[in-house]
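Read off the chains here:
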Amino acid sequence: TFKMKILLIGPSECGKTALANFLSDTTETIGADYCPTQGVRILEFESHNLSNGNKNSACEVKLWDCAGDFKFESCWPALMKDSNGVVIVFNPDVPSHLKEIETWYSTFIFSQGLQEAQCLLVAHHKPGSGADSTRPPLAPQLNKLPLIHSNLEEEPEDVRQEFHKYLGNVMRMLSEKQEREEMSIIT
């Protein structure tokens with residue numbers, strides 16, 4: 001079974017924890033009072049039937065719900081260690097988020113040299129914000145990354161499917177890397 005470490009990062013109060021709970025089927029009351037994550041929460045779950053190119057397989061996912069507060073910056077290197085993918089969540093209705101995610105990108109994605117397939121941008125719409133599904137105006141380096149819109153009130157299953165597809169992409173990359181490493185040992 002593949003094991004995968006995925007970081008969920010982004011500005012404070014953009015909805016990372018609500019999304020993490022939903023994607024991992026951790027039931028916490030939706031719409032409970034806001035409570036900022038301190039440092040990190042790690043959610044573990046299994047994801048089945050990920051299409052891995054040639055076969056479907058299961059995967060153990062560790063979803064690291066990382067605090068959005070920059071006061072935890074000193075922990076970031078530890079969070080990034082051995083991570084296989086990064087999901088940046090932001091609220092597209094908050095202009096400062098569009099700027100701030102550039103910092104998250106350069107720290108967590110660019111510095112680790114992650115491939116585009118290992119990354120996902122999630123424009124997370126808060127309940128009642130309406131569903132504007134146009135691509136928000138982002139910096140050029142962010143425009144290369146896949147982006148999905150998340151609206152847990154209106155289309156939760158779309159979000160789950162897109163995340164599932166993303167995990168499949170990450171797993172394909174991991175299995176290709178593993179095969180290359182095995183081949184280099186043989187040759």
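Placed above this text is the structure.
Predicted model only: the values in this text are computed from it and were never measured.

(A) Layout of the pairing of strand E1 (residues 2-9). Taking burial as the measure, the eight residues of E1 include seven buried ones, the bulk of the element. Note that E1 and strand E4 (residues 85-90) share four bridges and pair parallel. Bridging across to E4, Ile-9 finds its partner in Ile-88.

(B) Just the pattern of salt bridges, in detail. Taken as a whole and assessed by the stated rule, the structure comprises seven salt bridges. In this structure, Arg-41 engages Asp-65 in a salt bridge whose closest nitrogen and oxygen atoms are separated by 2.7 Å. Of this pair, Arg-41 sits in strand E2 (residues 40-51) while Asp-65 sits in strand E3 (residues 56-66), and the two are 24 residues apart along the sequence. Asp-65 sits in the buried class, given a relative accessible area of 0%. In this structure, the salt-bridge partner of Lys-165 is Glu-162, at a minimum N-O distance of 3.5 Å. Remark: Glu-162 and Lys-165 occur in helix H5 (residues 156-186); sequence separation between them is three residues, near one turn of the helix.

(C) Inspection of a negative patch on the surface at higher detail. Together, Glu-153, Glu-154, Glu-155 and Asp-158 give the surface a local cluster of negative charge. Mapping Glu-155 onto the fold places it in the loop between strand E6 (147-150) and H5. By relative accessible area, Glu-155 is classed as partly exposed at 43%.

(D) How the structure looks around the nonpolar core. Judged by nonpolar contacts, the single largest core of 28 residues is most densely connected at Met-4, Ile-6, Leu-63, Val-87, Phe-163, Tyr-166 and Leu-167. For this core, the elements supplying multiple residues, two or more each, are E1, helix H1 (16-23), E2, E3, E4, strand E5 (119-124) and H5. Looking at this core, the element that brings in the most residues is H5, giving seven residues. When neighbours within four sequence positions are excluded, Leu-63 is seen to be in contact with Ile-6, Ala-20, Leu-23, Arg-41, Ile-42, Leu-43, Phe-45 and Phe-163. Counting residues in each nonpolar core, the second largest holds 25 residues, with Trp-76, Ile-88, Phe-108 and Ala-139 among its members.

(E) Seen up close, the side chain of Lys-16. Along the polypeptide, Lys-16 turns up in helix H1. Among the polar contacts listed, one links the side chain of Lys-16 to the backbone oxygen of Gly-10, at a separation of 3.0 Å. Engagement of the side chain of Lys-16 in a polar contact is seen with the backbone oxygen of Pro-11, the distance being 2.7 Å. Ignoring sequence-local partners within four residues, the contact set of Lys-16 consists of Leu-8, Ile-9, Gly-10, Pro-11, Asp-65, Cys-66, Ala-67, Gly-68 and Val-89.

(F) Structural view of the packing of aromatic side chains. Within the structure shown, the criterion is met by six aromatic pairs. Ring centres of Trp-76 and Trp-104 lie 4.8 Å apart, and the angle between their planes is 45 degrees; this geometry places the pair in the tilted category. Taken together, the residues Trp-76 in helix H2 (residues 76-80) and Trp-104 in helix H3 (residues 95-110) connect sequence positions 28 residues apart. Here the two residues Trp-76 and Trp-104 agree in accessibility, since each one is buried. Ring geometry for Phe-163 versus Tyr-166: centroids 6.0 Å apart, planes at 40 degrees, classification tilted. Residue Phe-163 and its partner Tyr-166 are both found in helix H5; the two are separated by three residues, about one turn of the helix.

(G) Representation of empty space enclosed by the protein in the model. For the coordinates displayed, the defined rule picks out one cavity of 30 Å³ or more. Here the largest cavity is characterised by a volume of approximately 30 Å³. Residue lining of the largest cavity: Leu-8, Leu-19, Leu-23, Val-87, Val-122, Ile-148, Val-159 and Phe-163, and that is the complete set. Residues that form the lining of the largest cavity fall into these classes: eight nonpolar, no polar and no charged.

The rules we used
Residues numbered from 1 in each chain as written. Predicted model: local features only at pLDDT ≥ 70, side-chain atom pairs only at ≥ 80, totals over all residues. Heavy atoms only, no water. Buried < 20%, exposed > 50% of the residue type's maximum accessible area, 1.4 Å probe, protein only. Helix = DSSP H or I, 4+ residues; strand = E, 2+ residues; numbered from the N terminus. Pairing = 2+ DSSP bridges. Salt bridge = Lys/Arg side-chain N within 4 Å of Asp/Glu carboxyl O. Patch = residues over 30% accessible without salt bridge, like charges linked within 9 Å, V, L, I, M, F, W, Y side chains within 5 Å. Areas by Shrake-Rupley, 256 points an atom, 1.4 Å probe, with all protein chains shown as cover. Lys, Arg positive; Asp, Glu negative; His and termini not counted. Charge placed at Lys NZ, Arg CZ, Asp CG, Glu CD. Core = buried A, V, L, I, M, F, W, Y, C linked by side-chain atoms within 4.5 Å. Contact = heavy atoms within 4.5 Å. Polar contact = N/O pair within 3.5 Å; in protein donor to acceptor, adjacent residues only side chain to side chain. Phe/Tyr/Trp six-rings, centres within 6.5 Å; stacked < 30°, edge-to-face > 60°. 1 Å grid on protein atoms, 1.4 Å probe; cavity = no way out; pocket = protein on both sides within 12 Å on 5 of 7 lines; lining within 4 Å. Points joined across faces, edges and corners; volume = space filled by probe spheres on them. Nonpolar A, V, L, I, M, F, W, Y, C, P; charged D, E, K, R; others polar.

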